[in-house]
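# Structure assessment
Listed below, chain by chain, are the residues.
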Amino acid sequence: MLNATARPGSATKSLTPVPDPRPKKPGKRRGAWADGHARTIVSPLELKSRWGRKIYWALLTAVVIVFTLVFVFPLYWMVTGAMKTGEEIARMPPSLFPESPDFSVFADAWELFDIGTLLKNTLFYAGGAWLFALAVDVSAAYALSKLRPMFGNVILAGMLATLMIPPIVVMIPAYITVTDVPVFGWHLLNSPWAIWFPVAANGFNIFLLKRFFDSIPNELLEAAEIDGVPPWRILVSIILPISRPILGVVSIFTVVAVFKDFVWPLLVLPDSEKMTISVGLSQTAGAVTQNQIMAGLVIASVPMIIVFFFFQRSIMAGLTAGSLKG
């Protein structure tokens, strides 16, 4: 409603809005969140019914069980296959459970494959790659995010473009490079540098770190610059302590990539005493039985399974950290 009032000496009227005292009729709200719930395949009303609730939980349980079996069954088949005899492994149809589990095969595989030496070599390569990757990727991401170099977006786009190239395409140029490093003339075959240098710069890790660094307020860094703190000290004392989640994710990705890589270590580490565990198991597989091969694979997968169970929360926290700004 409008209240019309006339001012003295004026021919016009001013219209002042006045609240309507009549109660408004409740209308229908539209949108996905109108009733406080998101629109889903199964409506909340159907979930409240007895049969709707039972069908919902039955389907959810079935889906979870199917996906769990798809991902866990290969690991189960590998563990049980190690405890079977050669006849049981070759039997058709195969049996799900070993008739008489033999745990001594794991000790035999440890001795036959010399898994202790292979694990030591692999952990050494993974540790060095982790240090080089953090040094290079963190520095590059910090420069692109906070130092803002000229053509920074073009450089980042070029790094991300390398993710579109299959690794097998660049393997031959990379091999030629490590056999005779340009300018320096270094020969890096049978040395850990052949593993560390290619892993140091990773476009995906740089992208993850840059996204996280972008979410750090610039005011925090500007306050440090006013106090005369140099850029490298800002990175070490401010950026890195609050970037532990994403640093954990990059660390896990780097270690796992080195641990499971096969083709590249096979090319650059031909010496049997310097092989990684994946290459060492394949080189000796022709001289042992199938259950011993399975046992060696089980032992080789244990470190990565332990890493996953201990750092699974860090993986999820690091992947989501820095995705939202506010």
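Throughout what follows, the structure given in this document is the object of discussion. (Residues numbered from 1 in each chain as written. Predicted model: local features only at pLDDT ≥ 70, side-chain atom pairs only at ≥ 80, totals over all residues. Heavy atoms only, no water.)

## Remarks on the overall build of the protein chain
What counts is decided by this rule: To qualify as a helix, a DSSP run of H or I must reach at least 4 residues; to qualify as a strand, a run of E must reach at least 2; elements of each kind are numbered from the N terminus. Per-residue accessibility, obtained with a 1.4 Å probe over protein chains only, is compared with the maximum for each type, and a residue is labelled buried under 20%, exposed over 50%, and partly exposed between these values. Note on definitions: a residue-residue contact is assigned when non-hydrogen atoms from the two residues lie within 4.5 Å. Residue-level accessible areas treat just the shown protein chains as cover; the underlying method is Shrake-Rupley with a 1.4 Å probe.
Of the regular secondary structure elements, the protein chain holds 15 helices and 2 strands. Residues counted as buried form 29% of the 326 residues belonging to the protein chain. Pairs at least 24 residues apart make up 65% of the contacts formed inside the protein chain by residues separated by at least 6 positions. Approximately 21,900 Å² of the protein chain is accessible, and the part contributed by carbon and sulfur atoms is 69%.

## Thoughts on the packing of helix H10 (residues 218-226) against helix H11 (residues 231-239)
Let me state the cut-off plainly: Comment: axis = line fitted to C-alpha atoms, over the contacting stretch for helices; angle = value between 0 and 180 degrees taken between N-to-C directions. Comment on the angle field: the value is read as roughly parallel under 35 degrees, roughly antiparallel over 145, roughly perpendicular from 65 to 115, and oblique elsewhere. By definition, any crossing whose near helix is turned counterclockwise from its far helix by less than a right angle is left-handed, and any crossing with a clockwise turn is right-handed.
H11 packs onto H10 with a crossing angle of 130° between their chain directions and a minimal axis gap of 11 Å. Put simply, H10 runs oblique to H11. Where H10 crosses over H11, the two elements pack in a sense that is right-handed. Where H10 abuts H11, its residues Leu220, Leu221, Ala224 and Glu225 lie against Ile234, Ile238 and Ile239.

## Re the environment of Ala109
As for its placement among the helices and strands, Ala109 is situated in helix H4 (residues 104-113). Along the backbone, Ala109 and Asn291 are 182 residues apart, and their C-alpha atoms lie at a distance of 9.0 Å.

## Details of a nonpolar patch on the surface
Definition in use: A residue counts toward a patch only above 30% relative accessible area and without a salt bridge, and it is joined to like-charged neighbours within 9 Å or, for Val, Leu, Ile, Met, Phe, Trp and Tyr, to nonpolar neighbours within 5 Å. A pairing counts as a salt bridge when a side-chain nitrogen of Lys or Arg comes within 4 Å of a carboxyl oxygen of Asp or Glu.
On the surface, Ile165, Ile168, Val169, Val170, Ile172, Tyr175, Ile176, Phe262, Val263, Leu266 and Leu267 cluster together into a nonpolar patch covering about 930 Å² of accessible area. Relative accessible area serves as the criterion here: at 40%, Ile165 is assigned to the partly exposed category.

## Concerning a negative patch on the surface
The test is simple: In this count, Lys and Arg are taken as positive residues and Asp and Glu as negative ones, while His and the chain termini are left out. To locate a charge, take NZ of a lysine, CZ of an arginine, CG of an aspartate or CD of a glutamate.
On the surface, Asp102, Asp108, Glu111 and Asp114 cluster together into a negatively charged patch. Topologically, Asp102 is positioned in the loop between helix H3 (86-90) and H4.

## Digging into the pattern of salt bridges
As enumerated under the stated definition, the model contains 2 salt bridges in all. Where Asp214 meets Lys210, a salt bridge forms, and the shortest distance between an N and an O atom there is 2.9 Å. Of this pair, Asp214 and Lys210 both sit in helix H9 (residues 203-214), 4 residues apart, roughly one helical turn. Accessibility expressed as a relative area gives 16% for Asp214, which makes it buried.

## A few points about the packing of H9 against helix H12 (residues 244-260)
Applicable threshold: Polar here means any residue outside two lists: the nonpolar Ala, Val, Leu, Ile, Met, Phe, Trp, Tyr, Cys and Pro, and the charged Asp, Glu, Lys and Arg; Gly therefore counts as polar.
At a minimum axis distance of 10 Å, the contact between H9 and H12 shows a crossing angle of 175°. Put simply, H9 runs roughly antiparallel to H12. In this structure, H9 uses Phe204, Asn205, Leu208, Leu209 and Phe212 to contact H12, whose residues at the interface are Ile246, Leu247, Val249, Val250, Phe253 and Thr254. Considering only residue class, the contact of H9 with H12 consists of 9 nonpolar, 2 polar and no charged.

## Describing the side chain of Gln292
Tracing the chain through its elements places Gln292 in helix H15 (residues 290-320). Those residues in contact with Gln292 that sit more than four places away from it in its chain are Val105, Asp108, Ala109, Leu112 and Phe113.

## Here we look at the packing of aromatic side chains
Put simply, the rule is: Centres within 6.5 Å make a pair out of two Phe, Tyr or Trp rings, where for Trp the six-membered ring is used; the pair is then stacked when the planes are under 30 degrees apart, edge-to-face when over 60, and tilted otherwise. When the NZ atom of lysine or the CZ atom of arginine is within 6 Å of a ring's centre and also within 35 degrees of its normal, the charge is said to sit over that ring.
A full pass over the atoms with the stated rule returns 12 aromatic pairs. Measuring from ring centre to ring centre gives 4.5 Å for Phe184 and Trp186, while their planes differ by 25°; the resulting arrangement is stacked. Among the residues examined, Trp186 registers a relative accessible area of 41% and is labelled partly exposed. Site record: aromatic cluster; members linked through ring pairs are Phe124, Tyr125, Phe132, Trp193, Trp196 and Phe197. If you follow Lys84 out to its NZ or CZ, it ends over the ring of Trp77, 4.3 Å from the centre.

## Description of the side chain of Thr254
Within the element layout of this structure, Thr254 appears in helix H12. If we skip the residues at most four places from it in the chain, Thr254 touches Ala129, Trp130, Ala133, Val199 and Asn205.

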